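# Observations on chain architecture
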Amino acid sequence: MHIETVGSGPDLVLIHGWAMHGGIFAPLTPLLAEHFRVHLVDLPGHGFSRGDAGTCDLAIWAERVLDATPAAIWVGWSLGGLVALQAARARPAQVRGLVEIAASPCFVNAEDWKFGVDLAVFAQFALGLRENYRDAIERFLALETLGSANAQAELRELKTLVFAHGEPDLDVLERGLNMLETSDLRAALAQLAMPSLWIGGRRDRLVPSAAMRWASTQSAQSGFVEIASGHAPFLSHATNVAQAIGDFAQRLPRP
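A short tour of the structure in this document, coming up.

Reading the values: rules and limits
Residues numbered from 1 in each chain as written. Predicted model: local features only at pLDDT ≥ 70, side-chain atom pairs only at ≥ 80, totals over all residues. Heavy atoms only, no water. Helix = DSSP H or I, 4+ residues; strand = E, 2+ residues; numbered from the N terminus. Buried < 20%, exposed > 50% of the residue type's maximum accessible area, 1.4 Å probe, protein only. Lys, Arg positive; Asp, Glu negative; His and termini not counted. Salt bridge = Lys/Arg side-chain N within 4 Å of Asp/Glu carboxyl O. Polar contact = N/O pair within 3.5 Å; in protein donor to acceptor, adjacent residues only side chain to side chain. Contact = heavy atoms within 4.5 Å.

### Concerning the side chain of Asp204
With respect to the helices and strands, the residue Asp204 is situated in the loop between β6 (196-201) and α7 (209-216). The side chain of Asp204 is buried and forms no salt bridge, while Arg205, the nearest opposite charge, is found at 7.6 Å. Within polar-contact distance, the side chain of Asp204 engages the backbone nitrogen of Val207 at 3.1 Å. Those residues in contact with Asp204 that lie beyond four places of it in its chain are Ala102, Ser229, Gly230 and His231.

### Description of the side chain of Asp11
Considering the arrangement of structural elements, one finds Asp11 in strand β2 (residues 11-15). Judged by its relative accessible area of 14%, Asp11 is buried. Here Arg37 takes part through its side chain, which lies 2.7 Å from a polar atom of the side chain of Asp11. Only 2.7 Å separates the side chain of Asp11 from the side chain of His39, close enough to count as a polar contact. With residues near it in sequence (within four places) discarded, Asp11 still touches Arg37, His39, Pro70, Ala71, Ala72 and Ile73.

### Describing the pattern of salt bridges
All chains considered together, the criterion is met by 8 salt bridges. Note that Asp52 is salt-bridged to Arg64, the shortest N-O span being 2.6 Å. Residue Asp52 is located in the loop between β3 (37-41) and α2 (58-68), and its partner Arg64 is located in helix α2; the two are separated by 12 residues in the primary sequence. Measuring nitrogen to oxygen at the nearest pair gives 3.4 Å for the salt bridge that ties Arg186 to Asp112. Highlighted residues: Arg186 in the loop between α6 (170-182) and β6 and Asp112 in the loop between β5 (95-101) and α4 (119-145), separated in sequence by 74 residues.

Purely geometric stuff here, so don't read any function into it on its own.
See below:
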């Protein structure tokens with residue numbers, strides 16, 4: 001599994017979203033590297049880890065990253081937020097703090113959960129992957145930027161970055177969609193043993209900011225920050241995201 005490490009300071013692990021890789025955080029990374037030792041992960045089957053797909057399972061992914069990184073603050077975006085939350089459940093002593101960026105504990109709507117998207121959306125992407133996965137990824141990128149004040153610029157940047165580390169494994173993409181469809185970690189929030197910060201995008205159409213706000217109320221040491229962005233706030237508001245992470249880290253006990 002490929003992990004790039006930059007900067008110096010307290011350790012911080014960055015986990016990307018579906019179909020992406022660690023390079024997607026390019027606007028945010030230099031800001032964080034001024035204050036942290038940042039570990040940029042390419043999840044199995046993604047980016048430079050394309051040839052290291054292994055078993056595609058949320059718990060196994062979390063364990064693999066935990067095994068490869070020191071105790072750190074974990075930052076997960078979108079699907080990466082589920083990986084980070086699973087890591088916090090599995091080894092709370094190794095996750096000093098948890099930052100979730102546009103990440104929901106449950107991405108799909110249910111009878112008792114209306115902060116997700118309809119299951120049909122993921123079914124359409126799964127079908128599209130089998131027909132033309134590049135087009136399907138581009139449609140997903142468009143969904144991520146929908147509602148953003150700078151949607152076209154963000155979409156261009158995402159398209160530029162998405163294959164910068166190579167093309168992802170198609171089977172892993174399909175299984176990753178299944179993770180988003182089936183994972184429900186809402187019950188885990190009350191068990192979090194470390195402080196957490198939830199950063200939501202006010203215009204996010206994939207993970208409503210209300211989902212992030214709700215998640216932040218489920219444990220005693222949680223906070224919520226809303227940014228006037230779409231699903232990828234680190235593209236349009238990198239400085240704001242870096243500041244929020246830095247402020248959160250300052251409040252954590254020293255390692």
